[in-house]
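Commentary on secondary and tertiary structure
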There are 2 protein chains.
Amino acid sequence: MAVVLLSGGMDSCVAAAIARRDNRVAFLHIRYGQRTAKRELKAFTDIADFYEADLRLVVSLDYLKEIGGSALTDERLIVPLHTEGPEVQTRGIPETYVPFRNAHLLSIAVSWGETIGATRIYIGAVEEDSSGYPDCREVFYRAFNKAVKAGTKPETRLEIVTPLIYMKKAGIVRKGIELGAPLHLTWSCYKDGEIACGKCDSCLLRLKGFKGAGAKDTLPYHQP
Amino acid sequence: MAVVLLSGGMDSCVAAAIARRDNRVAFLHIRYGQRTAKRELKAFTDIADFYEADLRLVVSLDYLKEIGGSALTDERLIVPLHTEGPEVQTRGIPETYVPFRNAHLLSIAVSWGETIGATRIYIGAVEEDSSGYPDCREVFYRAFNKAVKAGTKPETRLEIVTPLIYMKKAGIVRKGIELGAPLHLTWSCYKDGEIACGKCDSCLLRLKGFKGAGAKDTLPYHQP
């Protein structure tokens, strides 16, 4: 059995497709007060239905919103629009960073995974081209895996795997298409709604990924 | 600033006393659906008032109860009474184990600590005589510290410290008394109520600690 952290975005959907090849799957969705929670939950449900998940669990972490410090969870902050030029490279940690967020997601996956006897945890983290988040880097997952080994029962064999960690968006789209992943059911936009904005960093990255893969994104977008 | 994980038990109270010597303190209390939640929250509040905490945060993790698998969070299971003899040594992981619980507590402390600019996280974990929990061992905290370093901002300097990790209960009581820690405000019993049961593993360990320290526990106990 593999636990798959499934946000409802494209990366986690492709991670699910990879996990599904060799494992029974337990899909885990975590709401942490992000503004797109409702739309992401719908994407999760659609993808879990598509893959006929063996188990599914939805967990709410309202406290991350309480701790705050991030545009993704603080409604008073404005989602940063894409900025061309070198300032993108130099601005450092994105404003959408939730401090140490992925450690919470992984801890839940480990607790659940240990309870249900899973052996793997899949997370669609991408180091190279989607982030700047320190907890999206392979060095973090390697370190966390050691904490998992030290902090769980001796007989537990749980390993976090990050199959997309060094892929770029176009490669992820290609991989998803190759595996028949339901990319049309995923949601990437930082805004909530039925139609993606096509303007935020996440939409632009997704569209660039499809373009690079020579594929068409069938998700509806607002016209520019 | 130091974040102190303060359950309301004796160990965390002594950890708070140690933290308070050299730091401003931010007290963090986490409810995870344990049956003694209400009594522990009262202990937290009393201790935070005693130390005039600079900041305090109470967080609820209801999902740990959902994930289940432990006598501390599953009301259908019976709290194990103390058993004399070698079976105590051989039964392995206690039934009160919440899988990978401390990783959740630490992740919250790190997210909060990074947000408020703390440099240390104090946790009153004890490896030698209170547990059998894999996530109470120093090897786990060492590994988790590496994950913290890898998963937070480059400028963040947050270190988890475990001042009690190799102490025994009697030493903790002595340390608490030496530092003037309000041990009379703490709660250790696995059962809820105004008067401790005096029979569960946790009460017995506490009483043994006071006895070993040659001190009197002023908490009220049910008569045997």
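Throughout what follows, the structure given in this document is the object of discussion. (Residues numbered from 1 in each chain as written. Chains lettered and ligands numbered in written order. Predicted model: local features only at pLDDT ≥ 70, side-chain atom pairs only at ≥ 80, totals over all residues.)

**Observations concerning the overall build of chain A**
Scanning chain A from terminus to terminus reveals eight helices and five strands. Helices and strands in chain A line up, N terminus first, as β-α-β-α-β-α-α-α-β-α-β-α-α. With 224 residues in all, chain A has 49% of them scored as buried. Summarising the internal contacts of chain A: among those between residues at least 6 apart in sequence, 74% fall at separations of at least 24. (Helix = DSSP H or I, 4+ residues; strand = E, 2+ residues; numbered from the N terminus. Buried ≥ 20, exposed ≤ 12 C-beta atoms within 10 Å, placed from the backbone. Contact = placed C-beta atoms within 7 Å.)

**Some points on the relation of the copies chain B and chain A**
With an axial shift of 0.0 Å and an RMSD of 0.0 Å, the rotation relating chain B to chain A amounts to 180 degrees. Considering both components of the superposition, the chain copies are consistent with a two-fold axis. Same-surface contact between copies: 100% of interface residues of chain B are shared with the interface of chain A. (Least-squares fit on C-alpha atoms with pLDDT ≥ 70 in both.)

**A closer look at the interface of chain B and chain A**
Contact with chain B, which involves 32 residues of that partner, is made by 32 residues of chain A. Secondary structure elements with two or more residues in the side of chain B that touches chain A: helix H3 (62-67), helix H5 (101-116) and helix H6 (138-151) of chain B. Ranked by the residues each element gives to the side of chain B that touches chain A, the list is headed by H5(B), at 10 residues. Across the side of chain B that touches chain A, the residue classes break down as 18 nonpolar, nine polar and five charged. (Nonpolar A, V, L, I, M, F, W, Y, C, P; charged D, E, K, R; others polar.)

**What about the sheet that holds strand S2 (residues 25-31) of chain B?**
Residue and element names in this part refer to chain B. The five strands lie next to each other as S3-S2-S1-S4-S5, forming an open sheet whose pairing is parallel. For this open sheet the edge positions go to strand S3 (55-60) and strand S5 (159-161), each flanked by a neighbour on one side alone. Pairwise comparison of adjacent strand axes, ignoring direction, gives a mean angle of 25 degrees for this sheet. One ladder, built from three bridges, connects strand S1 (residues 2-5) with strand S4 (residues 120-122); its direction is parallel. The residue of S4 that forms the bridge with Ala2 is Arg120. (Pairing = 2+ DSSP bridges. Axes fitted to C-alpha atoms, helices over the stretch in contact; angles between N-to-C directions.)

**Points about the sheet that holds strand S3 (residues 55-60) of chain A**
The strands that make up a sheet pair up through hydrogen bonds in the backbone, lying either parallel or antiparallel. Residue and element names in this part refer to chain A. Within the open sheet, the five strands sit side by side as S3-S2-S1-S4-S5. Their pairing is parallel. Looking at strand neighbours, the two that pair on one side only are S3 and strand S5 (159-161), the edges of this open sheet. Across the sheet, the mean angle separating the axes of adjacent strands is 25 degrees when strand polarity is ignored. Sheet strands in contact with helix H1 (residues 10-22) are strand S1 (2-5), strand S2 (25-31) and strand S4 (120-122), and its direction is about 165 degrees off that of S1. Each of S1, S2, S3, S4 and S5 touches helix H5 (residues 101-116); the most contacted strand, S2, lies at about 145 degrees to it.

**So, helix H6 (residues 138-151) of chain A**
In this model, H6(A) (14 residues) spans 20 Å end to end at C-alpha, consistent with the 20 Å of a helix rising 1.5 Å per residue. Buried within H6(A) are the following residues: A:Phe140, A:Tyr141, A:Ala143, A:Phe144, A:Asn145, A:Ala147, A:Val148 and A:Gly151. Along its buried surface, H6(A) packs onto H5 and S5 of chain A together with H5 and H6 of chain B. (Expected span 1.5 Å × (residues − 1).)

**Regarding helix H7 (residues 169-178) of chain B**
Residues and elements named next belong to chain B. Among the residues of H7, those classed as buried are Lys169, Ile172, Val173 and Gly176. In an axial view of H7, the angular spread of the buried residues amounts to 100 degrees, which keeps them on one side of the axis. Of the surrounding secondary structure, the elements contacted by the buried residues of H7 are helix H1 (10-22) and helix H8 (201-212). Directly after H7, the chain includes Gly180, whose backbone phi takes a positive value near 70 degrees. (Arc of directions from axis to C-beta.)

**Notes on the pairing of S1(B)**
Residues in a regular strand project their side chains so that they alternate between the two faces of the sheet. Covered by surrounding structure in S1(B) are B:Ala2 and B:Val4 together with B:Val3 and B:Leu5, the residues of both alternating faces. The parallel pair S1(B) and S2(B) is bridged by H1(B), and the resulting crossover is right-handed. (Right-handed = clockwise from strand over helix to strand, strands pointing away.)

**Side note on the pairing of S3(A)**
Residues and elements named next belong to chain A. Looking at chain direction, S2 and S3 are connected through six bridges and run parallel. Counterpart to His29 in the pairing with S3 is Val58. Tracing the backbone out of S2, into helix H2 (residues 37-50) and back to the parallel element S3 gives a crossover that is right-handed.

**A word on the nonpolar core**
With 137 residues, the main nonpolar core has A:Val4, A:Leu28, A:Ile121, B:Val4 and B:Leu28 as its most contacted residues. If we skip the residues at most four places from it in the chain, A:Val4 touches A:Ala15, A:Ala16, A:Ala19, A:Val25, A:Phe27, A:Leu28 and A:Tyr122. (Core = buried A, V, L, I, M, F, W, Y, C linked by C-beta atoms within 7 Å.)

**Concerning unusual backbone geometry**
For A:Phe100, which is not glycine, the phi torsion reads 60 degrees and is therefore positive. According to the C-beta neighbour criterion, A:Phe100 is buried, with 30 such atoms within 10 Å.

**Points about the environment of A:Val110**
On the secondary structure map, A:Val110 appears in helix H5. Sequence separation of A:Val110 and A:Val3 is 107 residues, and the distance between their C-alpha atoms is 8.5 Å. Not counting residues within four places of it along the chain, the set of residues in contact with A:Val110 comprises A:Ile121, A:Val148, A:Thr152, A:Leu158, B:Phe100 and B:Ala103.

**What about the environment of A:Ala43?**
All names here are of chain A. Checked against the element boundaries, Ala43 lands in helix H2. For Ala43, a count of 23 C-beta atoms within 10 Å puts it in the buried group. Sequence-wise, Ala43 and Tyr122 are 79 residues apart; in three dimensions their C-alpha atoms are separated by 17 Å.

**A short note on the packing of H5(A) against H5(B)**
Where H5(A) meets H5(B), the axes come as close as 9 Å, and the angle between the chain directions of the two elements is 170 degrees. Here H5(A) lies roughly antiparallel to H5(B), going by the angle between them. Listed contacts from H5(B) to A:Ala103, A:His104, A:Ser107 and A:Val110 of H5(A) are B:Ala103, B:His104, B:Ser107 and B:Val110. For the contact of H5(A) with H5(B), the per-class residue count stands at four nonpolar, four polar and no charged. (Parallel < 35°, antiparallel > 145°, perpendicular 65-115°, else oblique.)

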